[in-house]
Amino acid sequence: MSERPTYTPFHPRWYRPRVSTWWWLKRPSSRAFILREVSSIFVAWFVVFFLLLVAAVGRGEVAYQEFMAWAANPSIVLVNVVSLFFVVFHAVTWFNLAPQAMVVHMRGKRVPGKLIAASNYGLWVVTSLLVAWIILAGSR
Amino acid sequence: MNDRITMRVARYRPEEEDEPTFEEYEVPCHKEWVVLDGLNYIKDQLDGTLSYRWSCRMGICGSCGMTVNGEPKLTCETFLTDYAPGPVLLEPMQNFPVIRDLIIEMTDFMQKLTAIKPWIVRDEERPLAEGEYRQTPDELSRYQQYSMCINCMLCYAACPVYALDPKFIGPAAIALAQRYNLDSRDEGSGERLDLLSLHEGIWDCTFVGECTEVCPKDVDPAGAIQRYKLDAALTSLKSFLLPWGAG
Amino acid sequence: MAETNPHLRIAVISKVYPMRSHTVSAEGGAAGVIAADDSLDEHAYDTISGGDWLCDQDAVEEFVREAPQELLRLEHWGCPWSRTSEGKIAVRSFGGMKRKRTWFAADKTGFHMLHTLFQTSLKYTSVVRYDEWFVTKLLVDDGRVQGVVALELMSGKIQPILAKAIILCTGGCGRLFPFTTNASIKNGDGMALAYAAGAPLKDMEFVQYHPTGLPFTGILITEAARSEGGWLLNKDGYRYLQDYNLGTPEPKPVLRSMEMGPRDRLSQAFVKEVEKGRTIDGPYGPVVHLDLRHLGRKVIDAKIPFVRELCQKYQNIDPVKELIPVRPVIHYMMGGVHTDIDGATPLAGLYAAGEVACVSINGANRLGSNSLPELLVFGARAGHAAAEYASTQTDPSSGLLAQAEDEKRRLEHDFLHKTDGTERPATIREEMQETMEEGAGIYRSGEGLTRAADRLRELQERFRKVAVQDSSRTFNTELTTVLELSSMLDVAESMIQSALWREESRGAHQRTDFTGRDDERFLAHSLIYRNSDGSSRVESLPVTITRWPPGERVYGS
């Protein structure tokens, strides 16, 4: 912004502080929030990785082995480990916030938030076990 | 324990300076004293030129919101001893223009409050002779939490979206809109939706959740906004799929 | 008013934003007759006897009749009154009332009422708001009030705002005393404005102490804590109220008995206990204990959660497990600007409603939960009366602008440009508060009052040399502090003079040198006028009695 006007009597001159690009470093809660938002990048990566895996499986045994060799590359492993952390972080923060967004009334009383969060986690565990069983059983 | 504590207070005298400065004051630090007591001591005994807002000193009028050590707080509810041995940094609430010292400009907030139509909207008013609108305790509990807002604006001070985009209508305004939307006596949720479904309405919110963290009255504006997003999405879906039912 | 007279422009001028007004802190409730076993006559009788027969009975009859209507209107505007299980308005018992008739919105009744009223007023575009404008003088011309001079806090501009009718709603003056439930903004500004303009103040000697306030902060512990069953105990754990003609202790609260007795009697009992040495010595003076432990956590969290919140936040005490230290604190001003039953003062064009006014429906002692409906009923009446008056008046004269210029010059000369001040405003204020508590507290005497009057005169002198460090224009709160102090000194003087005039003991005005009630000489209001030389004179105005001849105030049966 250009230069500030000087004060003239009876004309209040307000001070408007600037917001720095690094505003989020100041408070722990803001840092956690930005991390949460950034985790969506890693979620996207996981989706892409998963689609590549499925495509490789579809193209046959050789393509699949090539893909697995590529995935075993230390840098890819590192990226995936970091991504795993962020995806779990993303899921945990999402489930913890869910009760605030989902207000369910049953028989006139509000269902407690912990129950909603718990049922989300529960569903996550069950679905994960189901998927794991399908894959592991199918691979035999 | 120390019985004195230093308060580093932001000062801004528009008639004399271009930018805020800081001044340090040493105040007694009694067990029952809150930050506001420290400010009153400064004004009464040390420096009468310090300006700040306060009134009820019991956390219900909403006047005394300020930034204490970087966090938005009501100074009447924040004990000085929590910051011992100090110093305590006292600045005006973030995200608002500063008029003077610790006093911020709040007409933007007042306009937004008015814009969301915070009154009972009905097609037909019931005459007084017919008595009250019936409302069961359950119906009351659906909106009661959102009616507790004291308009202290700490949620606006904490909201990074409002910091970056002052056109955002903000947590307290949306929570108040929900208070009326969920009131069984009100019929105005359609009218409010028209304003709130704009970009600066609910969709600007990215669910940071800081507003709920700092709210001194547990209004949970973040929850109100997310619920509203769900309602708004469902409403527009319904009117898309079933246009003849819209009204 | 905006609804019925759309052609009138209405300005709301307030030194704070409207939702910060002190009504917001009221907790207990608002009385209105709606229960089947209740009647208007009973509400009227409770009010009149509670006021020790100093209430104007015609006004009380109108008041009890209109109260339920106004409360209902507020409900239609969205006020979240607490309900019975069928969805009808719930009522609870309250001190001094024989029947359950107090409407409540959890324990934040005043908060909800104010926010409902304010938010509904936003609907009307004919209402123009002047937020954070401080009125310093009423403009009077030709015996008519035709405007005000106000200071815009944000910019420092001082200018006149002309109007055909003015309604004062500035509240009471609790800050005259050291321990008060009142906010910092309650300095009797409106009373001082009216007094200076020539309107009389009525019954200024009657100040109400609320028996249960937290020591140091003065924060109110609502009467509802007692109506839900709390006990007042002295240092021996004894329910001492039984020694003061307030009935016998029962485990559950009994209306008009023991802890449910009227506020003045409970505060007086405290003073007597202090004299007997049976109170507990706290770091801020003597206190007694309020015991809520036997109510249990569920009841406390459901009915009086705010009480628990306040105790924890401000005294670090949990009422579920511990005793709350309390003492009487100044809470309400029964006296105020003299108005008739329509809120009109003797000065044409000037109206008043709420705590600033004295109609009088509260008489010598106000019953809890009567002041919120008082705001609504007399606010509405004053509004209608003022609107009618304004519709018949010509535009304000331009001669007032000269007066406004004079006021502007006075403020600048006496305060802003003053460089030779010697005393801090806080020092004068604190001494005034001490003087009032000693001389015009719960018990007064001719000697004590005369001493207080002398000290006040001295303080007025010292005020002329008050130091105003802040000479800036932008949001100068030291200027407002000094203006408020000036109002308080004027109001304090009127209180002491009225108290000296009334040589009897009635309701909240108890004199140790005149201990009985004297209906022959003093069944009348005190009316204090300002003389042109700055001194005051007190006249008498008989009380209007219609159907209830003065009797004995009996509690505890």
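Scroll up a little and you will see the structure.
About the criteria used
- Residues numbered from 1 in each chain as written.
- Chains lettered and ligands numbered in written order.
- Predicted model: local features only at pLDDT ≥ 70, side-chain atom pairs only at ≥ 80, totals over all residues.
- Helix = DSSP H or I, 4+ residues; strand = E, 2+ residues; numbered from the N terminus.
- Rg over C-alpha atoms; globule rule 2.2 N^0.38 Å.
- Buried ≥ 20, exposed ≤ 12 C-beta atoms within 10 Å, placed from the backbone.
- Contact = placed C-beta atoms within 7 Å.
- Nonpolar A, V, L, I, M, F, W, Y, C, P; charged D, E, K, R; others polar.
- Axes fitted to C-alpha atoms, helices over the stretch in contact; angles between N-to-C directions.
- Parallel < 35°, antiparallel > 145°, perpendicular 65-115°, else oblique.
- Left-handed = near helix turned anticlockwise from the far one by under 90°.
- Pairing = 2+ DSSP bridges.

Within chain A, the secondary structure is distributed over four helices and two strands. Reading the secondary structure of chain A in the N-to-C direction produces α-α-α-β-β-α. The globule rule puts the C-alpha radius of gyration for 140 residues at 14 Å, and the 24 Å found for chain A is more than 25% above it. Once the C-alpha set of chain A is aligned to its principal axes, its extents read approximately 85 × 50 × 25 Å. Taken across its 140 residues, chain A has 4% of its residues classed as buried. Sequence separation of at least 24 residues holds for 40% of the intrachain contacts in chain A that already meet a minimum separation of 6.

Here the focus is the interface of chain A and chain B. Opposite the 20 residues of chain A that make contact, chain B presents 26 residues. Going through the elements one at a time, helix 1 (28-59) and helix 3 (74-101) of chain A are the ones with two or more residues in the side of chain A that touches chain B. Tallied by class, the residues present in the side of chain A that touches chain B amount to 11 nonpolar, four polar and five charged.

Excluding glycine, residues mostly have negative phi values, and the peptide bonds linking residues are mostly trans. With an omega of 0 degrees, the peptide bond between Gly 86 of chain B and Pro 87 of chain B qualifies as cis. Mapped onto the fold, Pro 87 of chain B is located in the loop between strand 4 (71-74) and strand 5 (88-91). Here the bond from Val 359 of chain C into Ser 360 of chain C is cis, since omega is 10 degrees, no more than 30 degrees from zero. Mapped onto the fold, Ser 360 of chain C is located in the loop between strand 18 (357-358) and helix 9 (371-391).

This part is about the interface of chain B and chain C. Between chain B and chain C, the contact holds 43 residues from the first and 45 residues from the second. The set of elements that each furnish at least two residues to the side of chain B that touches chain C consists of helix 1 (35-46), strand 6 (98-100) and helix 3 (137-144) of chain B. Per-element tally for the side of chain B that touches chain C: the top contributor is helix 3 of chain B, with three residues. Of the residues assigned to the side of chain B that touches chain C, the class counts are 15 nonpolar, 15 polar and 13 charged.

Residue and element names in this part refer to chain C. Interaxial distance between helix 12 (residues 446-463) and helix 13 (residues 477-501) falls to 10 Å at its minimum, and their mutual angle equals 155 degrees. In this view, helix 12 runs roughly antiparallel relative to helix 13, as classed from their interaxial angle. The element helix 12 and its partner helix 13 pack so that their crossing is left-handed. Note on element contacts: helix 13 touches helix 12 through Leu 485, Ser 486, Leu 489, Ala 492, Glu 493, Ile 496, Ala 499 and Leu 500, opposite Gly 446, Leu 449, Ala 452, Ala 453, Leu 456, Leu 459, Gln 460 and Phe 463. Taken together, the residues of the contact of helix 12 with helix 13 break down into 12 nonpolar, three polar and one charged.

Right, let's talk about the sheet that holds strand 3 (residues 91-92) of chain C for a bit. In space, the three strands of this open sheet follow the order 2-4-3 (chain C), with antiparallel pairing throughout. Here the strands that pair on one side only, and so sit at the sheet edges, are strand 2 (30-31) and strand 3 of chain C.

Residue and element names in this part refer to chain C. Relative to strand 22 (residues 536-542), strand 21 (residues 524-530) runs antiparallel, the two being bridged by seven bridges. Each residue of the ladder has a partner; that of His 525, found in strand 22, is Leu 541. Here strand 21 hands over to strand 22 after five residues, with Gly 534 in that stretch at a positive phi of 100 degrees.

By themselves, these observations are geometric and do not establish any function.
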